[in-house]
Amino acid sequence: MPFWNSLVDRFRGGDEIDWEPLLIEADLGLTLADQWQRELRDAGLSRQPEKAEKWLRDKMTALVRIPPPLPVRQKPETVLLIGVNGSGKTTTAAKLAARAQQEGRTVRLGAADTFRAAATEQLEAWGARLGIPVTTAPSGADPASVAVRALLVAQEEKTDLLVIDTAGRQANKRNLLLELEKIKRSLQKKSEGVPHHTWLVADGMTGTGVLAQAREFHTAIGLTGLIVTKLDGSARGGMVPAVRAELGLPTYYLGRGEKPEDLHRFDARDFVTNFFER
Ligand SMILES: Nc1nc2c(ncn2[C@@H]2O[C@H](COP(=O)(O)OP(=O)(O)O)[C@@H](O)[C@H]2O)c(=O)[nH]1
Ligand SMILES: [Mg+2]
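Note that the structure is predicted; figures quoted are calculated from it, not measured. (Residues numbered from 1 in each chain as written. Chains lettered and ligands numbered in written order. Predicted model: local features only at pLDDT ≥ 70, side-chain atom pairs only at ≥ 80, totals over all residues. Heavy atoms only, no water.)

Another aspect to go through is the site of ligand 1. Looking at ligand 1, there are 17 residues lining it, with Gly86, Lys89, Thr91, Asp232 and Glu258 nearest. For ligand 1, a nitrogen atom lies 2.7 Å from a polar atom in the side chain of Asp232. Alone, ligand 1 offers 590 Å² of accessible surface; in the complex the protein occludes 79% of this. Considering each element in turn, the shell around ligand 1 owes the most residues, four residues, to helix H5 (residues 89–102). Of the residues assigned to the shell around ligand 1, the class counts are one nonpolar, 10 polar and six charged. (Near = heavy atom within 4 Å. Polar contact = N/O pair within 3.5 Å; in protein donor to acceptor, adjacent residues only side chain to side chain. Areas by Shrake-Rupley, 256 points an atom, 1.4 Å probe, with all protein chains shown as cover. Helix = DSSP H or I, 4+ residues; strand = E, 2+ residues; numbered from the N terminus. Nonpolar A, V, L, I, M, F, W, Y, C, P; charged D, E, K, R; others polar.)

The subject of this paragraph is the sheet that holds strand E5 (residues 197–203). Taken together, the eight strands give an open sheet; going across it, the order is E3-E2-E4-E1-E5-E6-E7-E8, and neighbouring strands pair in mixed fashion. Single-partner strands in this sheet number two, and they are strand E3 (134–135) and strand E8 (263–265). In terms of strand pairing, strand E1 (residues 77–82) meets strand E4 (residues 161–166) through four bridges, oriented parallel. What sits directly across from Val79, in E4, is Val163. Contacts from helix H6 (residues 117–130) reach strand E2 (107–112), E3 and E4 within the one sheet, and its direction differs from that of E2 by about 170°. (Pairing = 2+ DSSP bridges. Contact = heavy atoms within 4.5 Å. Axes fitted to C-alpha atoms, helices over the stretch in contact; angles between N-to-C directions.)

Once their charged atoms are close, side chains differing in charge can pair, the charge on each being opposite to the other. Following the criterion strictly, the structure yields 18 salt bridges and no others. The partner of Glu277 in a salt bridge is Arg57, and the shortest N-O contact between them spans 2.9 Å. Here Glu277, found in helix H11 (residues 268–277), pairs with Arg57, found in helix H4 (residues 49–64); they are 220 residues apart in sequence, far enough to count as distant. With relative accessibility at 44%, the residue Glu277 sits in the partly exposed group. Asp142 serves as the salt-bridge partner of Lys182, at 3.3 Å between the closest nitrogen and oxygen. Of this pair, Lys182 sits in helix H8 (residues 173–190) while Asp142 sits in the loop between E3 and helix H7 (143–156), and the two are 40 residues apart along the sequence. (Salt bridge = Lys/Arg side-chain N within 4 Å of Asp/Glu carboxyl O. Buried < 20%, exposed > 50% of the residue type's maximum accessible area, 1.4 Å probe, protein only.)

Orientation of H8 relative to helix H9 (residues 209–220), taken along the N-to-C sense of each, is 50°, at an axis distance of 10 Å. Between H8 and H9, the angle is such that the two are oblique. Relative to H9, H8 is oriented so that their crossing is right-handed. Taking contact as the criterion, the partners of Lys173, Leu176, Leu177, Leu180 and Glu181 in H8 are, on H9, Glu216, Phe217 and Ala220. (Parallel < 35°, antiparallel > 145°, perpendicular 65-115°, else oblique. Left-handed = near helix turned anticlockwise from the far one by under 90°.)

In terms of residue burial, E5 counts as a mostly covered element, since seven of its seven residues are buried. Residue alternation in E5 divides its side chains into two sets, His197, Trp199, Val201 and Asp203 and Thr198, Leu200 and Ala202, and both sets are buried. Here four bridges tie E1 to E5, and the two strands are oriented parallel to one another. Residue pairing in the sheet places Ile82 in a bridge with Leu200 of E5. The parallel pair E5 and strand E6 (residues 225–229) is bridged by H9, and the resulting crossover is right-handed. (Right-handed = clockwise from strand over helix to strand, strands pointing away.)

Attention shifts here to unusual backbone geometry. Note that the residue after Lys75, namely Pro76, is joined by a cis bond; omega there is -5°. A cis amide bond, omega -5°, links Val194 with the succeeding residue Pro195. Among the structural elements, Pro195 can be located in the loop between H8 and E5. Phi at Asp27 is positive, roughly 70°, even though this residue is not glycine. Along the chain, the position of Asp27 falls in the loop between helix H2 (19–25) and helix H3 (30–42). Exposure remark for Asp27: the relative accessible area of 21% places this residue in the partly exposed category. The residue Lys158 is not glycine, and still its phi comes out positive at about 50°. Looking at the secondary structure, you find Lys158 in the loop between H7 and E4. Relative accessible area serves as the criterion here: at 57%, Lys158 is assigned to the exposed category.

One can describe the packing of H4 onto H11 by two numbers: an axis separation of 9 Å at closest approach and a directional angle of 145°. Where H4 crosses over H11, the two elements pack in a sense that is right-handed. Side by side, H4 and H11 meet where Glu53, Leu56, Arg57, Met60, Thr61 and Val64 of the first sit next to Ala268, Arg269, Phe271, Val272, Thr273, Phe275, Phe276 and Glu277 of the second. Looking at side-chain class alone, the contact of H4 with H11 contains eight nonpolar, two polar and four charged residues.

This is how it looks when you write it as structure tokens:
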């Protein structure tokens, strides 16, 4: 039985359905769950699961629909990926690079996670596998200077797209935020408008943890959007509308696996269908 139907069945206590726990279980977060619960009640849909589902689908589709991003004319179009350890940043950097390469664009990767040598090696391995150049530095080097060097080389080579990978761990959280802030500021100083995208890479399996991370990174660094990974498992991305409602941030891609081709451009209709029917 699709997830949504099984939830509705489980929460159907007598005739009237209490929508809030159901919406919370679907990772929509407290604020949105509370709001939609009230609106469903006001619309008289407490006892009408089929109509309520239609209402929710329309509501969610309208909320998560995003205008296509404006084309970036400046070269390289620069993406800065940030997020907690293990969220999928390095894999996603490779996936974005592979996708751009497929579209016939030239790409460079920047390995600004200098906290662990293994992180740079992981990105270099992807670069070698995909035939994409990677700007690296020894572990312990200043991540901001690696990022800037990657930008300068990419400008020189007129590369179409630069994707910069960063660390998710530091001695402590504050240090990590300071480091990321410095990377962003250093890039901005080199070239106005860069980075064009500062995307949070967040693990969809952490549910509304994604919302908490988005709040924290958005406040400290300033995000322009999200990529939600690991939606090939049991998670179906309820936090995507939650983040959109609370922070106004769109989700641009969904990760559904570990391979380069497992990165899907976000599509509102697909997302909502998948959310209710899988
Ligand atoms: N199933 C699944 N695994 C993923 C996805 N994205 C990343 N991973 C895996 O998650 C783990 C951590 O990814 P990594 O890119 O190293 O995370 P980072 O620490 O943020 O750089 C790796 O084993 C990846 O293969 C995804 O969309 N689906
Ligand atoms: Mg990494």
